[in-house]
Amino acid sequence: MSGAETRDAVNHENVNRTRSRSYLDDSIPIRLLPLSVRHQLCAHLDALDVWQVMATAAKLYPSQVDQIHSEKQRGRSASNEFLNIWGGQYNHTVLTLFALFKKLKLHNAMRVIKDYVSEDLHKYIPQSVPTISELRAPPDSSVRINNGPPYPSSSGVSNSNNNQSTTSPEDPSLESLGNIHISTVQKAAESLMEIDYNELETGTNKWCPENRLGQGGFGEVYRGQWKQMDVAIKVMNYRSHVDKTQVELQQSYNELKYLNSIRHDNVVALYGYSINGEKPCLVYQLMSGGSLENRLRAHKSDASLPPLTWRQRFNICDGTARGIYFMHTVRGTPLIHGDIKPANILLDQCLQPKIGDFGLAREGPKSINAVMQVKKVFGTRIYLPPEFRHSKNLSTGVDVYSFGIVLLEVFTGRQVTDRLPENDLQQDLLHYVKQHWRHNRTEVLDKHVPMPFGADLDMCVCAIETGLDCTAIEPQNRPLMSTVLNRFAPHRIKPQPI
Ligand SMILES: Nc1ncnc2c1ncn2[C@@H]1O[C@H](COP(=O)(O)OP(=O)(O)OP(=O)(O)O)[C@@H](O)[C@H]1O
């Protein structure tokens, strides 16, 4: 069955009650949908990669399926080709399309075209915003979300590869994200709230530039209001203009999977996601203090903002260490963040730190002391230890090393990329601290803050020495995060009872 027969079958099966009231289908043909709506629809359907499911439900001929497939291979939109065939050759209407989406539970797709079908039919779109599991393709479907070729990370280290999968499709790692099984993404998002794009558009005043908080490797981040809450909204980029419909799902998948499963005071909270708008969005708790990277340098550009005190610096590092320790130990298999750096440590209004950006997180070797070889290095090169950069040896020691660099940056006030005053030679921060720490502590500690003494000096000494240990060249010489926390313990101030 195909063509007109299919239309009748789908209509009969899905909207027969409606047809009995307004029997004539007076909706417009699919080909007359406004371009912007068609574009939005195709972007959404391509992101879900449901063309095969649609083709099966519409009972297209194998040759037509091949045609769609080859369009897709050429980097074009499979959903658009489906609409060309189904809406073009067979002249199907938007009502028929709506019925098809209803049958497949593609509720957001129904929303995109709802203005082009009779209002009577809007009742078929669930009132509550569905979770992603409701968008599920039939359970036996072999639909996959293809994430495409590798792309450069903001750090310049490639963080993906071409389908060199060594893991099962149920648990794609950064090694295998070329092909994410849609059910895996859905599973990751199951308990998360799906948020209506229109609410985000309103809450950011239509993505007003004044609300722009920053730009990451995967898209822009905006401040906004949602349900009377301050939120940060990450708007995910499409990979390129040519292939606009293929969404970068890698980061969102990791954020969904890991951020959604980890709840900790020092890990940023993910509230929900949105996929029914122009671009997919992830919605987080707003960290109004911005990133540690910006805060460390803010006093240089804004004289009214004092530099962070030694105590504040210590608390931020202590909280960050707790977050990393939690990730390494909360499950049987340690979770390795893979991109610990000041830009990914976010601060709330009380300067409490929360680790964000789980886009490069991955499950490590089975135990905390073990090492596994990976195929691809990922992360920000200057924060990565030599055994990972050169030999691709992944262990929790990677995060420990990056945390060590953060400690040294925070307490010296120098960025790991700064030129250092050593005969005009560019020396890296690590060598510089190693060389000078024993003989001249005052030279090493940040001079923008009054020199510490007493308990503050002990605290700073502990921080720098822990930083040096964490950045040991040999991973086995680095402390575990539990050891780091034990070392920090005597320097903590106990919170006063209220
Ligand atoms: N929850 C949040 N609250 C406040 N600001 C945020 C939040 N999340 C991100 N930002 C801001 O947006 C910027 C971009 O964040 P994003 O995580 O996308 O990229 P990044 O970590 O800076 O870079 P990359 O993704 O390339 O590693 C951050 O540097 C930060 O200033």
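Here the structure is a predicted model, which is why all the values come from computation and not from measurement. (Residues numbered from 1 in each chain as written. Predicted model: local features only at pLDDT ≥ 70, side-chain atom pairs only at ≥ 80, totals over all residues. Heavy atoms only, no water.)

**Thoughts on the UniProt feature "binding site: ATP" (unreviewed entry) in the protein chain**
In step 1: Within this numbering scheme, the UniProt entry marks Lys234 as carrying the feature "binding site: ATP" (unreviewed entry).
In step 2: Assignment of secondary structure puts Lys234 in strand β6 (residues 229-236). (UniProt positions renumbered as here; feature names shortened; annotations may be inferred. Helix = DSSP H or I, 4+ residues; strand = E, 2+ residues; numbered from the N terminus.)

**Let's talk about the pattern of salt bridges**
In step 1: Throughout the structure, instances matching the rule amount to 14 salt bridges.
In step 2: For Arg414, the salt bridge identified is with Glu443, shortest N-O distance 4.0 Å. On the criterion of sequence distance, the pair formed by Arg414 in the loop between α14 (396-412) and α15 (429-437) and Glu443 in helix α16 (residues 441-444) is long-range, its members being 29 residues apart.
In step 3: Judged by its relative accessible area of 22%, Glu443 is partly exposed.
In step 4: Overlapping salt bridges bring together Glu71, Arg74 and Arg76 as one network. (Salt bridge = Lys/Arg side-chain N within 4 Å of Asp/Glu carboxyl O. Buried < 20%, exposed > 50% of the residue type's maximum accessible area, 1.4 Å probe, protein only.)

**Section: the nonpolar core**
In step 1: Grouped together as the largest cluster of nonpolar side chains are 105 residues, with contacts concentrated most on Leu41, Phe82, Leu97, Phe101, Phe358, Phe403 and Phe411.
In step 2: For this core, the element with the highest residue contribution is α14, accounting for 9 residues.
In step 3: Other than its neighbours up to four places away in sequence, Leu41 contacts Leu33, Leu83, Leu97, Phe101, Ala109, Val112 and Ile113.
In step 4: Counting 11 residues, the second largest nonpolar core, distinct from the first, contains Tyr197, Leu200, Trp226 and Ile233. (Core = buried A, V, L, I, M, F, W, Y, C linked by side-chain atoms within 4.5 Å. Contact = heavy atoms within 4.5 Å.)

**Quick notes on the packing of aromatic side chains**
In step 1: Summed over all chains, the structure comprises 7 aromatic pairs.
In step 2: When the centroid spacing of 5.6 Å and the interplanar angle of 25 degrees are considered together, the rings of Phe82 and Trp86 count as stacked. Within this pair, Phe82 and its partner Trp86 are both found in helix α5 (residues 78-89), separated by 4 residues, close to a single helical turn.
In step 3: Since its relative accessible area comes to 0%, Trp86 is described here as buried. (Phe/Tyr/Trp six-rings, centres within 6.5 Å; stacked < 30°, edge-to-face > 60°.)

**Some details on the sheet that holds strand β4 (residues 212-216)**
In step 1: The strand order across the open sheet built from 6 strands is β3-β7-β8-β6-β5-β4, with neighbouring strands paired in mixed fashion. At either end of the open sheet lies a strand with only one pairing partner, and these are β3 (193-194) and β4.
In step 2: Note: β3 against strand β7 (residues 270-274), 2 bridges, orientation parallel. What sits directly across from Glu194, in β7, is Tyr273. (Pairing = 2+ DSSP bridges.)

**Some points on the packing of α14 against helix α17 (residues 454-470)**
In step 1: Where α14 meets α17, the axes come as close as 7 Å, and the angle between the chain directions of the two elements is 145 degrees. Handedness of the α14/α17 crossing: left-handed. Between α14 and α17, the contacting residues are Val400, Tyr401, Phe403, Gly404, Leu407, Leu408, Phe411 and Thr412 on the first element and Cys460, Ala463, Ile464, Thr466, Gly467, Leu468 and Cys470 on the second. (Axes fitted to C-alpha atoms, helices over the stretch in contact; angles between N-to-C directions. Left-handed = near helix turned anticlockwise from the far one by under 90°.)

**A few points about the environment of Glu387**
In step 1: Along the polypeptide, Glu387 turns up in helix α13 (residues 386-391).
In step 2: Under the relative-accessibility criterion, Glu387 is labelled buried at 11%.
In step 3: For the pair Glu387 and Val398, spaced 11 residues apart in the sequence, the C-alpha separation amounts to 8.6 Å.

**Section: the sheet that holds strand β9 (residues 290-291)**
In step 1: One open sheet holds the 3 strands; their spatial order is β9-β11-β12, and the pairing between them is antiparallel. The open sheet terminates on both sides in strands that have one partner only, identified here as β9 and β12 (353-355).
In step 2: Against the sheet, helix α12 (residues 310-329) makes contact with β11 (345-347) and β12, and its axis sits at roughly 30 degrees relative to β12, the strand it touches most.

**Thoughts on the side chain of Arg362**
In step 1: Tracing the backbone shows Arg362 in strand β13 (residues 362-363).
In step 2: Of the residues examined, Arg362 reaches a relative accessible area of 2% and is grouped as buried.
In step 3: Here Lys376 takes part through its backbone oxygen, which lies 2.9 Å from a polar atom of the side chain of Arg362. (Polar contact = N/O pair within 3.5 Å; in protein donor to acceptor, adjacent residues only side chain to side chain.)

**Quick notes on the pairing of β7**
In step 1: For β7, the buried fraction is high: 4 of the 5 residues fall into the buried class.
In step 2: Judged from the 4 bridges that link them, β7 and strand β8 (residues 281-285) form a sheet pairing that is antiparallel. Each residue of the ladder has a partner; that of Tyr273, found in β8, is Leu282.
In step 3: Between β7 and the antiparallel strand that follows it, β8, lie 6 residues.

**Some points on the packing of α12 against α17**
Pairs of packed helices are described in terms of their axes, by the angle between the two and the distance that separates them.
In step 1: For the pair α12 and α17, interaxial distance at closest approach is 10 Å and the crossing angle is 40 degrees. Viewed along their axes, α12 and α17 adopt a mutual orientation that is oblique. Classified by chirality, the crossing of α17 by α12 is left-handed. Along its contact with α12, which presents Trp310, Arg311 and Phe314, the element α17 presents Asp456, Met459 and Cys460. (Parallel < 35°, antiparallel > 145°, perpendicular 65-115°, else oblique.)

**So, unusual backbone geometry**
Residues other than glycine predominantly adopt negative phi, and peptide bonds predominantly adopt the trans conformation.
In step 1: Unlike most non-glycine residues, Lys59 shows phi in positive territory, near 55 degrees.
In step 2: On the secondary structure map, Lys59 appears in the loop between α3 (51-57) and α4 (62-73).
In step 3: Given the relative accessible area of 42%, Lys59 is considered partly exposed.
In step 4: One non-glycine residue, Lys105, adopts positive backbone phi at about 60 degrees.
In step 5: With respect to the helices and strands, Lys105 occurs in the loop between α6 (94-103) and α7 (107-113).

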